[in-house]
Amino acid sequence: MKKYIEFTGTINGTTYFLRNLLCALLGFFVGYGIGYGIGMSDIGLIMFFVVLFAPVMWFQVATIYKRMVALFPSEAAFYTGALVLAQLTTNFLEQGSPARTILSLGLLVTGLVLIFKNSGIENHEG
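Computed from a prediction, not measured in an experiment: that's the story for all the values here. (Residues numbered from 1 in each chain as written. Predicted model: local features only at pLDDT ≥ 70, side-chain atom pairs only at ≥ 80, totals over all residues. Heavy atoms only, no water.)

Attention now goes to the overall build of the protein chain. Tallying secondary structure elements over the protein chain gives four helices and zero strands in all. Projected onto the principal axes, the alpha-carbon positions of the protein chain cover approximately 50 × 40 × 20 Å. The burial tally for the protein chain puts 29% of its 126 residues in the buried class. Contacts in the protein chain between residues far apart in sequence, at least 24 positions, make up 64% of those at least 6 positions apart. (Helix = DSSP H or I, 4+ residues; strand = E, 2+ residues; numbered from the N terminus. Buried < 20%, exposed > 50% of the residue type's maximum accessible area, 1.4 Å probe, protein only. Contact = heavy atoms within 4.5 Å.)

Bringing unusual backbone geometry into the picture now. For residues that are not glycine, phi is negative in most cases, and the peptide bond is trans in most cases. Positive phi is not limited to glycine here, since Ser41 has a value of about 55°. Relative to the elements of secondary structure, Ser41 occurs in the loop between helix H1 (13-40) and helix H2 (43-71). Note on Ser41: relative accessible area 62%, which makes it exposed.

Turning our attention to the nonpolar core. If you look at soluble globular proteins, the nonpolar side chains tend to sit buried side by side. With 12 residues, the main nonpolar core is built from Ile11, Tyr16, Ile64, Met68, Val69, Leu71, Ala76, Leu83, Val84, Ala86, Leu107 and Leu114. At the level of secondary structure, the elements contributing two or more residues to this core comprise H2, helix H3 (76-92) and helix H4 (98-116). (Core = buried A, V, L, I, M, F, W, Y, C linked by side-chain atoms within 4.5 Å.)

The next thing to look at is the packing of aromatic side chains. As enumerated under the stated definition, the model contains eight aromatic pairs in all. Between Phe72 and Tyr79, the ring centres sit 5.1 Å apart and the planes meet at 70°, which makes this aromatic pair edge-to-face. A relative accessible area of 34% means that Tyr79 is categorised as partly exposed. What links up through ring pairs into an aromatic cluster is the set Phe7, Trp58 and Tyr65. (Phe/Tyr/Trp six-rings, centres within 6.5 Å; stacked < 30°, edge-to-face > 60°.)

The next point concerns the packing of H2 against H3. At a minimum axis distance of 9 Å, the contact between H2 and H3 shows a crossing angle of 135°. Considering their axes alone, H2 and H3 lie oblique with respect to each other. In this structure, the crossing between H2 and H3 has a hand that is right-handed. Contacts between H2 and H3 pair Val61, Ile64, Tyr65, Met68 and Val69 from the former with Ala76, Ala77, Tyr79, Thr80, Leu83, Val84 and Gln87 from the latter. Counted by class, the contact of H2 with H3 contains 10 nonpolar, two polar and no charged residues. (Axes fitted to C-alpha atoms, helices over the stretch in contact; angles between N-to-C directions. Parallel < 35°, antiparallel > 145°, perpendicular 65-115°, else oblique. Left-handed = near helix turned anticlockwise from the far one by under 90°. Nonpolar A, V, L, I, M, F, W, Y, C, P; charged D, E, K, R; others polar.)

Bear in mind that shape data such as this cannot, by itself, settle questions of function.
Structure follows, in structure tokens:
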């Protein structure tokens, strides 16, 4: 279980895709819980789901880092930071703006590269 949250090892594209799918589902669940807590004006419920948000984000960043290590071992930390920053930036840009469209297209291409590019590592440990 510990290997899923550590920043060591590498993962293949299929594992990267499945982990991202799990993070999306968990993120939806946590976001729904926060929204439900806001709607019910229940601070305890809101805080519960905010606390659950941290492990989901940790798992997501660890997943990205492990895939980056598999593909770009010498620059994995930089590319992981850049990808996370780009993902966060798209949330703050205005809906329909050209910058958001271009950034979203770049993120789509990057995601496809992370899923489909071969890493040259036969046995991934992560």
